[in-house]
Amino acid sequence: MHLRGVVLPGDEVRDLWVRDGVVTFERVADAETLCDSGWIVPGLVDAHCHVGIRYGGGHEDREGAIAQAEIERDAGALLLRDAGSPIDTHYLDERADLPRIIRAGRHIARPKRYIRELGVELDDERDLPQIVAEQARYGDGWVKIVGDWIDRSVGDLRPLWSEAVLKAAIDAAHANGARVTAHVFGEDALPGLIGAGIDCLEHGTGLTDDTIAMMVEHGTALVPTLVNIDTFPEIADSASKFSTYAAHMRDLHRRVRSTVAAAHDAGVPIYAGTDAGGSIRHGRIADEIAALTAAGLSPHDALGAASWSARAWLRRPTITESAPADFVVYDEDPRTTPTALTNPRHVVLRGRVVATGPVTDHR
């Protein structure tokens, strides 16, 4: 096929062709023109997604996981970093019409310190390095640990791991070729996680000027999942018997946009993730891009956080010669017309048009 349009992140109109599922900028004879105008964006990335966790909670079945992946694809999200799933979704890799998935294995937590039945629970924290190494070998280059959660004995967020164990566990992941990310809401777990060499933080609502500076020093990335953070008031309402925790969650929600803005201004790499699965519907990457823009990222940077920048971070190609033909075509510039993101003209995956026309609103 042949396409002509503005190829982002650049601003010039270019011609590109697709042959045998890959991109080329050399003319292909007799190619059918898919579009002769528009904006061509490297396939969107949801960098915090849970294919396999049912909306409302619990494990998804095979058909449900396929449906989740289809919803993401139709929204233009063609690369998913699955930040923890209780089921094995490798069978999705057999489907050429579904997004590519980068898996982090299962969440790793302590008993009664995370959502039941989703993660691997360790009675003894000294087992963390061994389990991290196992999950590193099971996943696709990432491991996910739970950095903090409510401790009901004290009625507020508390870290799950000692700093020495964290350092040994992250070192074990790196030795097995994997990067490590951590779920973390509050302030107290952050210095230990960052100091131990964590590669990424999920949510990061408790960041302060000091821990932001640590992230910059260590090169730690942030995936703030802003559409999920908007559920914090509801979480607080449901935890009224833990008044300190509820007040803490409301405060984290109140200041999250300024927290993300401060991290961005300091130079922390920020990427888009929705936390889809569980309490968030799939297919909401456009909402997360809009939320990042509202938090202070430029429209160009916010879109890049869900496309070309995220792909580079995840070591996946963009629209370059001989790269897999994974991209989304829009009628309007999605940087200046954010609503365009909800209405892709064409979604092309592995060189095939897999979706065309408006996207159904799944919220």
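Placed above this text is the structure.
So, a few notes on the structure that sits alongside this text. Residue positions are counted from 1 within each chain, in the order its sequence is given. Per-residue local features of the predicted model are confined to residues with pLDDT of at least 70, and side-chain atom pairs are confined, for both listing and counting, to 80 or more; whole-chain, interface and lining totals are unaffected and use all residues. The side-chain values count all of the structure's non-hydrogen atoms but skip hydrogen atoms and water molecules.

1. Topic: the overall build of the protein
Then, in step 1: Strands here are runs of E lasting at least two residues and helices are runs of H or I lasting at least four, both read from the DSSP assignment and numbered beginning at the N terminus. Across its full length, the protein holds 12 helices and 19 strands.
Then, in step 2: For the protein, the C-alpha radius of gyration of 20 Å lies close to 21 Å, the compact-globule estimate for 363 residues.
Then, in step 3: Reported as C-alpha extents along the three principal axes, the dimensions of the protein are approximately 70 × 35 × 35 Å.
Then, in step 4: Across the protein, the fraction of contacts at a sequence separation of at least 24, relative to all contacts at a separation of at least 6, is 65%. We take the radius of gyration over the C-alpha atoms and set the globule estimate at 2.2 Å times the residue count to the 0.38 power. In this description, contact between two residues means that some pair of their heavy atoms is separated by no more than 4.5 Å.

2. What about the packing of helix α2 (residues 128-138) against helix α3 (residues 163-175)?
Then, in step 1: At their nearest, the axes of α2 and α3 sit 8 Å apart, and the two run at 25 degrees to each other. Judged on the interaxial angle alone, α3 and α2 are roughly parallel. Between α2 and α3 lies a crossing whose hand is right-handed. Residue-level contacts link L128, P129, V132 and A133 of α2 to V165, L166, A168, A169, A172 and A173 of α3.
Then, in step 2: Here the contact of α2 with α3 is built from residues that sort into 10 nonpolar, no polar and no charged. Where helices are involved, their axes are fitted lines through C-alpha atoms of the stretch in contact, as for all axes, and angles between N-to-C directions lie from 0 to 180°. Angular relationships are summarised with four words: roughly parallel below 35 degrees, roughly antiparallel beyond 145, roughly perpendicular across 65 to 115, and oblique for the angles in between. Helix crossings get a hand from a simple test, with the near helix turned counterclockwise from the far one by less than a right angle marking a left-handed crossing and a clockwise turn marking a right-handed one. Throughout, the ten residues Ala, Val, Leu, Ile, Met, Phe, Trp, Tyr, Cys and Pro are labelled nonpolar, Asp, Glu, Lys and Arg are labelled charged, and all others, Gly among them, are labelled polar.

3. A short note on the environment of L303
Then, in step 1: Structurally, L303 can be placed in helix α11 (residues 299-304).
Then, in step 2: Considering only alpha carbons, one finds L303 and E332, 29 residues apart in sequence, at a separation of 14 Å.
Then, in step 3: Beyond its immediate sequence surroundings of up to four residues, L303 is in contact with L8, L44, I289, W308, P334, R335 and L341.

4. Points about the side chain of H248
Then, in step 1: In this fold, H248 is placed in helix α8 (residues 243-254).
Then, in step 2: A 1.4 Å probe rolled over the protein chains alone gives each residue an accessible area, and that area as a share of the maximum for its type sets the label: buried under 20%, exposed over 50%, partly exposed in between. Among the residues examined, H248 registers a relative accessible area of 14% and is labelled buried.
Then, in step 3: Between N or O atoms, a polar contact is any pair within 3.5 Å; within protein, one atom must be a potential hydrogen donor and the other a potential acceptor, and residues adjacent in sequence are included only when both atoms are from side chains. A distance of 3.0 Å separates the side chain of H248 from the side chain of D156, its partner in a polar contact.
Then, in step 4: The residues touching H248, leaving out its near neighbours within four places in the chain, are D156, L157, G186 and E187.

5. Overview of the sheet that holds strand β6 (residues 44-49)
The strands that make up a sheet pair up through hydrogen bonds in the backbone, lying either parallel or antiparallel.
Then, in step 1: Strands pair, by our definition, only if DSSP identifies at least two bridges between them. Taken in spatial order, the three strands make up an open sheet running β6-β7-β8, and their pairing is parallel. Here the strands that pair on one side only, and so sit at the sheet edges, are β6 and β8 (100-103). Shown here is a sheet whose adjacent strand axes are inclined to one another by a mean of 20 degrees, direction ignored.
Then, in step 2: Sheet topology places strand β7 (residues 77-82) next to β8; four bridges connect them, and they run parallel. Note that in β8 the partner of R81 across the bridge is I102.
Then, in step 3: In the packing of helix α1 (residues 62-74) onto the sheet, contacts are made with β6 and β7, and the angle to β7 comes to roughly 130 degrees.

6. Topic: the pattern of salt bridges
Then, in step 1: Salt bridge, as used here, is a side-chain nitrogen of Lys or Arg placed within 4 Å of a carboxyl oxygen of Asp or Glu. Going through the model one piece at a time under the given rule, you end up with 22 salt bridges.
Then, in step 2: A salt bridge links R95 to D97; the nearest nitrogen and oxygen atoms lie 2.8 Å apart.
Then, in step 3: What makes R95 partly exposed here is its relative accessible area of 28%.
Then, in step 4: Across the pair R254 and D251 runs a salt bridge, and its minimum N-O distance is 2.5 Å.

7. Quick word on the nonpolar core
Then, in step 1: The criterion is simple. A nonpolar core is a set of buried Ala, Val, Leu, Ile, Met, Phe, Trp, Tyr and Cys residues joined through side-chain atoms within 4.5 Å. Formed by 79 residues in total, the largest nonpolar core has its most connected members in I108, L128, I145, L193 and L201.
Then, in step 2: In contact with L201, other than residues within four places in its own chain, are T181, A182, V184, L190, L193, I194, L207, M215, T220, A221, L222 and V223.

8. Some thoughts on α8
Then, in step 1: To estimate how far a helix should reach, multiply one less than its number of residues by 1.5 Å. Compared with the 16 Å implied by 1.5 Å per residue over 12 residues, the 16 Å span of α8 between its first and last C-alpha is a close match.
Then, in step 2: Considering only its buried residues, α8 is in contact with β12 (148-151), β13 (156-159), α7 (232-238) and α9 (256-266).

9. Let's talk about the pairing of strand β14 (residues 179-184)
Then, in step 1: Of all six residues in β14, six are buried; the element is thus mostly enclosed.
Then, in step 2: Burial of the side chains of β14 extends over both faces: R179, T181 and H183 are buried on one face and V180, A182 and V184 on the other.
Then, in step 3: Pairing of β14 with strand β15 (residues 200-203) involves four bridges; the strand directions are parallel. Each residue of the ladder has a partner; that of H183, found in β15, is E202.

10. Remarks on the environment of W17
Then, in step 1: Here W17 lies in strand β2 (residues 13-19).
Then, in step 2: For the pair W17 and N176, spaced 159 residues apart in the sequence, the C-alpha separation amounts to 38 Å.
Then, in step 3: Once you skip the residues sitting within four places of it in the chain, W17 turns out to touch M1, H2, V22, V23, T24, F25, E26, R27, V28 and A31.

11. Digging into the pairing of strand β11 (residues 142-146)
Then, in step 1: The buried fraction of β11 is high, at five of five residues.
Then, in step 2: Here β11 shows a buried face lined by W142, K144 and V146 and a second buried face lined by V143 and I145.
Then, in step 3: As paired strands, β11 and β14 are joined by five bridges and run parallel to one another. By the bridge assignment for β14, V146 is matched with H183.

12. Overview of the packing of aromatic side chains
Then, in step 1: Pairs were defined over the aromatic rings of Phe, Tyr and Trp, the Trp ring being its six-membered one, requiring ring centres within 6.5 Å. Orientation was assigned from the angle between planes: stacked under 30 degrees, edge-to-face over 60, tilted for the rest. On inspection of all chains with the given rule, the structure shows five aromatic pairs.
Then, in step 2: Taking the centre distance of 4.8 Å and the plane angle of 65 degrees together, the rings of Y114 and W149 count as edge-to-face. Of this pair, Y114 sits in the loop between β9 (108-109) and β10 (120-121) while W149 sits in strand β12, placing them 35 residues apart in sequence.
Then, in step 3: Between the aromatic rings of W149 and F185, the centroid separation amounts to 6.5 Å while the plane-to-plane angle is 25 degrees, which identifies the pairing as stacked. Taken together, the positions of W149 in strand β12 and F185 in the loop between β14 and α4 (190-195) put the pair 36 residues apart, joining distant regions of the chain.
Then, in step 4: Note on F185: relative accessible area 6%, which makes it buried.

Honestly, that's just the spatial picture; any functional story needs more than this.
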